[in-house]
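Structural description and commentary
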Amino acid sequence: MKLMRSWMQSANDPETEFPLNNLPYGVFSVDGDEPRCGIAIGDMVLDVAAMEAAGLLRITDDFVLDVPFWNEVMELGPEAWKRLRVLLLGFLGEGAESQEQVAKYMIPQARVRMHMPLLVAEYTDFYAGMQHAKNMGSILRGSPDLPANWLHIPIGYNGRASSVVVSGTDIHRPLGQTRVAGADAPRFGPTERLDFELEVGAIVGTGSVLGQPITTAQADKMIFGFVLLNDWSARDIQAWEYQPLGPFQGKAFGTTISPWIVPKAALEPFRCAEPVREVPLLPYLHEKTQGFYNVALEVQIQPADAPRASTIARTNYNQVYFSAAQQLTHHAVCGCEMNPGDLLGSGTISGPARDAFGSLMELSWAGEEPMTLDTGETRSFVEDGDTLTLRGHAQGDGYRVGFGPCSGRILPALHMPGWA
Ligand code: MN
């Protein structure tokens, strides 16, 4: 697939994350006005809400772009998503007749504030990174052996939608209960093992029916697009609470997503083969069109007083063992209703190399081997004032498709009586 050229010159730059091939969905505001739907193109945002209001862009009889979320478009289904894409390609392609008219609806990205691109209906986080699962086994149980179920079932837990925030939102260090190794009793206070998790989130666009299973082919069609996702984790809170029911407060305080939802259509050219499987999957998880994508991912950390960020990990979305469509199929197969706006985290994406690990728990090996940043500082876990940024892009022939940065800064814990 080659670069699709646009009359918007900045969209033809081989380094931009937003060429005509991408057209990601976001929600923006300018100078404190009403947040509304927009599309990124080069270094601009196309105000598609204003175009809809002006009668220039209609994908259905109702207004669906004047709201601060893309859920109404999701609900229209894949045919409508395609209609919108075809209209946008027509407006923005090189030589478009409507160029002069459409140019009036362009706003520099430098001027806009980005908001949550969707109303997150529910959030489920999975565990599909094999290297991550092996690393966590080694660190926590002394063995990289995968749990007996791991190669067969997309392991996940039901997380919180209420604390999913858009890139740029500060997060306070969470308070909680922990028990220091060897201590008899737990303590209460701020986490001392704050971590990030590098993930990709899949956005469910159309739902399923309560009580009815779905196939992997149906699941693939239901996916609207993808975001970068940082599943912030408090490892010490998690370690004390997780037995026997799994993650709870150690994961509930914050999940950061990128401001742009990359359409699944934009990632079609980057589908890749499924991973090598030691054991076959059960038939209900077989995919005819495999839902794996080649998307380069990286993580940067910037301490409060550091002049620049240090890149601490590089990996690829193709390292996951279960696709988003397989996870969605498994989620719904019991009869669990899935809805527009449901968010599915891939699980931490670690590659086999030491500098391809998707969390500080792995990168610093639970603090035993602190990382040295470019600035000479060391890190075992995230400290107050640190900004973590995830980036990702699919590399085409002379163009790339990206998500915009997925950033979050950690602020000190809010004081509460009873700290240990
Ligand atoms: Mn996670």
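Every value quoted in this text rests on a predicted model; they were computed, and no experiment measured them.

1. Quick look at the environment of Phe69
- Relative to the assigned elements, Phe69 resides in the loop between helix H1 (48–53) and helix H2 (71–76).
- Taking C-alpha positions, Phe69 is 16 Å from Thr256, a pair spaced 187 residues apart along the chain.
- Leaving out residues up to four positions away in the same chain, Phe69 has contacts with Val27, Cys37, Pro117, Leu118 and Leu119.

2. Re the domain arrangement of the chain
- Split into domains, the chain comes out as domain 1 (9–115) and domain 2 (123–411).
- Look at where the C-alpha atoms of domain 1 and domain 2 centre, and you get two points 28 Å apart.
- Taken residue by residue, the interface counts 27 residues in domain 1 and 26 residues in domain 2.
- Taking both partners together, domain 1 and domain 2 bury about 2100 Å²; carbon and sulfur atoms supply 68% of that area.

3. As for the pairing of strand S27 (residues 406–411)
- Along S27, five of the six residues are buried, which leaves the element largely enclosed by surrounding structure.
- Taken together, the two bridges between strand S9 (residues 171–172) and S27 define a ladder with parallel strand orientation. Following the sheet pairing, His172 is matched in S27 by Leu411.
- When strand S25 (residues 387–395) meets S27, the two strands line up antiparallel, connected through four bridges. Following the sheet pairing, Leu390 is matched in S27 by Cys406.

4. Notes on the environment of Gln326
- For Gln326, the location among the structural elements is in helix H10 (residues 324–333).
- By relative accessible area, which is 1% here, Gln326 ends up buried.
- What Gln326 contacts, discounting residues up to four positions off in sequence, is Pro154, Thr216, Arg277, Leu281, Leu285, Glu287, Phe292 and Tyr321.

5. As for empty space enclosed by the protein
- Evaluated as defined, the whole model comprises one cavity of 30 Å³ or more.
- Computed from the structure, the largest cavity encloses a volume of approximately 40 Å³.
- As for the largest cavity, its lining consists of Val200, Gly201, Ala202, Tyr317, Val320, Phe322, Ser323, Ala324, Gln327, Leu344, Gly345 and Ser346.
- Element by element, the count of residues in the lining of the largest cavity is highest for strand S13 (residues 198–204), at three residues.
- Of the residues contributing to the lining of the largest cavity, the split by class is seven nonpolar, five polar and no charged.

6. Regarding helix H3 (residues 78–92)
- Compared with an ideal rise of 1.5 Å per residue, which puts 15 residues at 21 Å, H3 spans 21 Å between its outermost C-alpha atoms and is within 8% of the ideal.
- Residues Ala80, Trp81, Leu84, Arg85, Leu88, Phe91 and Leu92 constitute the buried set of H3. Buried residues along H3 cover an arc of 140° about the axis, so they all sit on one side. Along H3, exposed side chains directed more than 90 degrees from the buried face belong to Glu79, Lys82 and Val86.

7. Thoughts on the pairing of S25
- Pairing of strand S20 (residues 296–302) with S25 involves seven bridges; the strand directions are antiparallel. Each residue of the ladder has a partner; that of Gln302, found in S25, is Thr387.
- Where S25 folds back on strand S26 (residues 400–402), the antiparallel hairpin that results is connected by four residues, among which Gly398 adopts a positive phi of roughly 85°.

8. Quick notes on the packing of aromatic side chains
- With the rule as written, the count across this model stands at 12 aromatic pairs.
- Geometrically, the ring pair formed by Tyr25 and Phe224 is stacked, given 4.3 Å between the ring centres and 20° between the ring planes. Of this pair, Tyr25 sits in strand S1 (residues 25–30) while Phe224 sits in strand S14 (residues 223–230), and the two are 199 residues apart along the sequence.
- Ring geometry for Trp150 against Tyr321: centres 5.2 Å apart, planes inclined by 45°, an arrangement best described as tilted. Note that Trp150 is positioned in the loop between helix H5 (130–141) and strand S7 (156–158) and Tyr321 in the loop between strand S21 (310–316) and H10, a separation of 171 residues in sequence.
- Judged by its relative accessible area of 1%, Trp150 is buried.
- Through a chain of ring-to-ring contacts, the aromatic side chains of Tyr25, Trp70, Trp81 and Phe224 assemble into a single cluster.
- Taking the ring centre of Tyr321 as reference, the NZ or CZ of Arg277 above it sits at 4.5 Å.

9. Things to note about the sheet that holds strand S5 (residues 112–115)
- Strand order across the open sheet formed by five strands is S4-S3-S2-S1-S5, with antiparallel pairing between neighbours. One side of each edge strand has no neighbouring strand; the edge strands of this open sheet are strand S4 (106–108) and S5. Strand-to-strand twist of the sheet, defined as the mean angle between neighbouring strand axes without regard to direction, takes the value 50°.

10. A word on the layout of surface pockets
- Roughly 1100 Å³ of internal volume is contained in the largest pocket.
- For the largest pocket, the lining is made up of 41 residues, of which Leu140, Arg235, Gln238, Ala239 and Tyr242 are closest to its centre.
- If you list the elements that add at least two residues to the lining of the largest pocket, you get strand S6 (123–126), H5, S7 and helix H7 (235–241).
- Broken down by element, the lining of the largest pocket gets its largest block of residues, six residues, from H5.
- Class assignment for the residues of the lining of the largest pocket results in 19 nonpolar, 10 polar and 12 charged.
- Of the voids in this model, the second largest pocket is the one considered here, and its volume is about 460 Å³.
- Surrounding the second largest pocket, 20 residues form its lining, Pro78, Asp220, Lys221, Lys264 and Glu268 being those nearest its centre.
- Every element with two or more residues in the lining of the second largest pocket is listed here: H3, helix H6 (216–222), S14 and helix H9 (264–267).

The rules behind these values
- Residues numbered from 1 in each chain as written.
- Predicted model: local features only at pLDDT ≥ 70, side-chain atom pairs only at ≥ 80, totals over all residues.
- Heavy atoms only, no water.
- Helix = DSSP H or I, 4+ residues; strand = E, 2+ residues; numbered from the N terminus.
- Contact = heavy atoms within 4.5 Å.
- Domains from an automatic or database assignment.
- Buried area = accessible area lost by both parts, 1.4 Å probe.
- Buried < 20%, exposed > 50% of the residue type's maximum accessible area, 1.4 Å probe, protein only.
- Pairing = 2+ DSSP bridges.
- 1 Å grid on protein atoms, 1.4 Å probe; cavity = no way out; pocket = protein on both sides within 12 Å on 5 of 7 lines; lining within 4 Å.
- Points joined across faces, edges and corners; volume = space filled by probe spheres on them.
- Nonpolar A, V, L, I, M, F, W, Y, C, P; charged D, E, K, R; others polar.
- Expected span 1.5 Å × (residues − 1).
- Arc of directions from axis to C-beta.
- Phe/Tyr/Trp six-rings, centres within 6.5 Å; stacked < 30°, edge-to-face > 60°.
- Lys NZ or Arg CZ within 6 Å of the ring centre and 35° of its normal.
- Axes fitted to C-alpha atoms, helices over the stretch in contact; angles between N-to-C directions.

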